[in-house]
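Summary of structural features
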Amino acid sequence: MFVPAGFHTATVERRRLDALARAGTDLFEVGLAHDDAILDGPVIQSAYRRALRRGHVLDRALHAVEHAATLRPTVLMTYWDPVAHHGPERLARRFADAGAAGIMVVDLPDHAAGTWQRIAAAAGLTAPRLAPRGATDQELDAIQRTASGWLYAPASTAPTGYRGLLDLAALAAAVQRVRATGPLPIVAGIGISTPPLAAAVAPLVDAVVIGTPVVRALQQGPGAATATVAAFAGALRVPRQ
């Protein structure tokens, strides 16, 4: 499950993470707030703006990761600009020390990918990468070589928060292309807006990440967020023939 760091005060955030873990979260993706989150839709961008207004963005993300990592495996989700701003080596070390299992840079520049993978590995972190639907075979090969942990195959080509229909046949074909490039597990997210959609996507990939529905529910209150996570977790854990 994706949660934006700094959306709540530190005390409330810890309580929310505890509740989401109990509701069925298997892994946390903690988002580092950024003012130019171009791949994200309005719900997550709004959450990031709220976190930015609180200030101390990096410290709040470190505290969120530190607590989340005591509950479930935790990965930081960020954009390249904050990584470059804070220094790749320094940022990797700080989040590794906080307990992160990895850092996914969603807009990682190709020219920096190999170096970033080595920096992450030196800190004991995985470096998952986004595998865009429109990537060429050559680009997918390069993404596979410069990633670790897993590859992220968007279920929709829209920004996060898309609530329309998903072309499952197109997703299956995209996942097949990515699998052909190497052995890394494939995770799908973006546009998985309902528990039934999550259940439909799950057989195509190795894991499913839910983001905007959880963030939207967090804006409504703790009960809504817990119920949302429980509904998705239940759909994903239904035995399949």
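Located above this text is the structure these notes cover.
As a starting point, this report considers the structure included with it.

1. Thoughts on the packing of aromatic side chains
One pass over the full model with this rule turns up one aromatic pair. The lysine or arginine in question, R50, covers the ring of F7, its NZ or CZ lying 4.1 Å from the ring centre.

2. Quick look at a negative patch on the surface
A cluster of acidic residues, D35, D36, D81 and D107, forms a negative patch at the surface. Of note, D107 is situated in the loop between β4 (102-105) and α6 (110-122). By relative accessible area, D107 is classed as partly exposed at 30%.

3. A short note on the environment of R216
Along the chain, R216 falls in helix α10 (residues 212-220). Residues R216 and A231, spaced 15 residues apart in sequence, show a C-alpha to C-alpha distance of 14 Å. Apart from residues lying up to four places away in sequence, R216 is in contact with V43, G161 and R163.

4. A closer look at the nonpolar core
In this structure, F95, W116 and I192 are the most contacted members of the largest nonpolar core, which totals 84 residues. With six residues, helix α3 (residues 57-68) is the largest single contributor of residues to this core. When neighbours within four sequence positions are excluded, W116 is seen to be in contact with W80, V83, P88, L91, A92, I103, V105, L108 and A127.

5. A look at the sheet that holds strand β3 (residues 74-78)
The strand order across the open sheet built from four strands is β1-β2-β3-β4, with neighbouring strands paired in parallel fashion. Pairing within the sheet leaves two strands with one partner each, and these edge strands are β1 (2-4) and β4. Shown here is a sheet whose adjacent strand axes are inclined to one another by a mean of 30 degrees, direction ignored. Both β1 and strand β2 (residues 28-31) contribute to a ladder of three bridges, which runs parallel. Across the sheet, residue P4 finds its bridge partner in β2, namely G31. α3 rests against β2 and β3 of the sheet, and its axis sits at about 170 degrees to β2.

6. So, helix α5 (residues 88-97)
Among all positions of α5, only P88, L91, A92 and F95 are buried. End-on, the buried residues of α5 take up no more than an arc of 100 degrees, which puts them together on one face. Of the surrounding secondary structure, the elements contacted by the buried residues of α5 are α3, β3, α4 (80-86), β4 and α6. Phi for G99, located one or two positions after α5, is positive at around 110 degrees.

7. Structural notes on the sheet that holds strand β7 (residues 186-189)
Strand order in the open sheet made by the four strands is β5-β6-β7-β8, with parallel pairing throughout. Of all the strands in the sheet, just β5 (129-130) and β8 (207-208) have a single pairing partner and so form its edges. Across two bridges, the pairing between β7 and β8 is parallel. By the bridge assignment for β8, V187 is matched with A207.

Rules and cut-offs
Sequence order sets the numbering: in each chain, residues are counted from 1 along the sequence as written. Where local features are concerned, this predicted model is filtered to residues with pLDDT of at least 70; where side-chain atom pairs are given and counted, the filter is 80 or more; whole-chain, interface and lining totals use all residues. Excluded from the side-chain calculation are hydrogens and water; included are all heavy atoms of the structure. Two aromatic rings, drawn from Phe, Tyr or Trp (for Trp, its six-membered ring), form a pair once their centres lie within 6.5 Å of each other, and the interplanar angle then sorts them: stacked below 30 degrees, edge-to-face above 60, tilted otherwise. Cation placement over rings: the criterion is NZ of Lys or CZ of Arg within 6 Å of the ring centroid and within 35° of the ring normal. Here the term patch refers to residues with relative accessible area over 30% and no salt bridge, with like charges joined within 9 Å and nonpolar side chains (Val, Leu, Ile, Met, Phe, Trp, Tyr) within 5 Å. Surface accessibility follows the Shrake-Rupley procedure with a 1.4 Å probe radius. Residue values consider only the protein chains on display as shielding. When a carboxyl oxygen of Asp or Glu lies within 4 Å of a side-chain nitrogen of Lys or Arg, that pair is called a salt bridge. We score Asp and Glu as negative and Lys and Arg as positive, and we do not count His or the chain ends. To locate a charge, take atom NZ for lysine, CZ for arginine, CG for aspartate or CD for glutamate. In DSSP terms, a helix is any run of H or I states spanning at least four residues, a strand is any run of E spanning at least two, and both are numbered starting from the N terminus. Burial classes: relative accessible area under 20% of the type maximum marks a residue as buried, over 50% as exposed, and values in between as partly exposed (1.4 Å probe, protein chains only). By the convention used here, residues are in contact when the closest approach between their heavy atoms is within 4.5 Å. As used here, the term nonpolar core means buried Ala, Val, Leu, Ile, Met, Phe, Trp, Tyr and Cys residues forming a set that is joined through side-chain atoms within 4.5 Å. Criterion used throughout: strands pair if DSSP finds at least two bridges between them. Structural elements are reduced to axes, namely lines fitted to C-alpha atoms, with helices fitted over the stretch in contact, and the angle between N-to-C directions of any two is expressed from 0 to 180 degrees. What the arc describes is the spread of directions from the helix axis to the C-beta atoms.

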